[in-house]
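# Residue-level structural notes
As a plain string of letters, each chain reads:
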Amino acid sequence: MLRNLIAVSVTAALLAITSSGCSVSPPSNPNNLCSIFQEKDSWYSAAHEVHDKYGVPIHVAMAIMYQESSFVEDAKPPMRWFLFIPYGRGSSAYGYAQAQDPVWEDYLDEAGSFFSDRDDFVDALDFIAWYMTKTKEANGIALSDAYNQYLNYHEGWNGFKNGTYRSKDWLLKAARSVQQRADSYKQQLLHCDLY
């Protein structure tokens, strides 16, 4: 509780100091990993750091991030409405990784830092890689298995164990899309002429 209060105070102070209104736009060609990294070279560096730290394939982590937020830094679930009255969002998911509050807190306690932020690309990618390694430990899913990594990412480790995804055709379709994007990103990354 105290950590959250301090974090809110620090964040408010930083926002007051840096209220220049700058925001990071999504990559102009999100379907091409080479193009993404050419446009956002700091993302390329961050992806390699995360790969070195966790051993996760860059193309899988980036495919999951795309599926979750389309690389929009402050992505949130849509607002729910009753007639014309908004009554909140479907979950606490936020940022590039669409991390929900409870699992983000677990990440902060275990691998993040006081300054980690869900709308920071580096932190969000680190979160995804951390989650993927936990998925491998919990459910034996290879880091290269984008399909089942995504099902775990969406349903949680217990949800995956219990097969909650089996009756969700839309989720199975999304997992196939993540696998296809990861495969495409992998091929692109093999032929990138970046540095």
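Please refer to the structure higher up on the page.
All of the points below concern the structure found in this document. Keep in mind that what you see is a predicted model, and the values were worked out from it rather than measured. (Residues numbered from 1 in each chain as written. Predicted model: local features only at pLDDT ≥ 70, side-chain atom pairs only at ≥ 80, totals over all residues. Heavy atoms only, no water.)

Before going further, it helps to spend a moment on the layout of surface pockets. When its volume is computed, the second largest pocket comes out at roughly 350 Å³. Of all the secondary-structure elements, those providing two or more residues to the lining of the second largest pocket are helix H4 (58–69), helix H5 (101–110), helix H6 (121–139), helix H7 (146–155) and helix H9 (169–190). At three residues, the largest contribution of residues to the lining of the second largest pocket is made by H7. Looking at the lining of the second largest pocket residue by residue, the class counts come to 11 nonpolar, five polar and one charged. (1 Å grid on protein atoms, 1.4 Å probe; cavity = no way out; pocket = protein on both sides within 12 Å on 5 of 7 lines; lining within 4 Å. Points joined across faces, edges and corners; volume = space filled by probe spheres on them. Helix = DSSP H or I, 4+ residues; strand = E, 2+ residues; numbered from the N terminus. Nonpolar A, V, L, I, M, F, W, Y, C, P; charged D, E, K, R; others polar.)

It is worth spelling out the packing of H6 against H7 at this point. Put simply, H6 and H7 touch, their axes get as near as 10 Å, and they point 100° apart. In this view, H6 runs roughly perpendicular relative to H7, as classed from their interaxial angle. Residue-level contacts link Phe-127, Ile-128, Tyr-131, Met-132, Thr-135, Lys-136 and Asn-139 of H6 to Gln-149, Asn-152 and Tyr-153 of H7. Of the residues that constitute the contact of H6 with H7, the class distribution is five nonpolar, four polar and one charged. (Axes fitted to C-alpha atoms, helices over the stretch in contact; angles between N-to-C directions. Parallel < 35°, antiparallel > 145°, perpendicular 65-115°, else oblique. Contact = heavy atoms within 4.5 Å.)

Before going further, it helps to spend a moment on the pattern of salt bridges. Pairing between side chains becomes possible if they bear opposite charge and their charged atoms approach one another. Inspection of the entire model under this criterion finds four salt bridges. We note a salt bridge from Asp-126 to Lys-53, for which the minimum N-O separation is 3.1 Å. With a gap of 73 residues between them, Asp-126 in helix H6 and Lys-53 in helix H3 (residues 41–54) connect regions that are remote in the sequence. Taking the relative accessible area as the measure of exposure, Asp-126 reaches 8% and is therefore buried. Of the charged contacts in the structure, one is a salt bridge between Lys-134 and Glu-110, with a shortest N-O distance of 2.8 Å. On the criterion of sequence distance, the pair formed by Lys-134 in helix H6 and Glu-110 in helix H5 is long-range, its members being 24 residues apart. (Salt bridge = Lys/Arg side-chain N within 4 Å of Asp/Glu carboxyl O. Buried < 20%, exposed > 50% of the residue type's maximum accessible area, 1.4 Å probe, protein only.)

Here we come to the state of the cysteines. Here the structure, examined in full by the defined rule, presents one disulfide. Disulfide pairing places Cys-34 opposite Cys-192 at an S-S distance of 1.8 Å. On the S-S bond that ties Cys-34 to Cys-192, the torsion sits near -100°, and the link is left-handed. You can see Cys-34 sitting in helix H2 (residues 33–39) and its partner Cys-192 sitting in the segment after H9, a full 158 residues away along the chain. A relative accessible area of 12% means that Cys-34 is categorised as buried. (Disulfide = S-S within 2.5 Å.)

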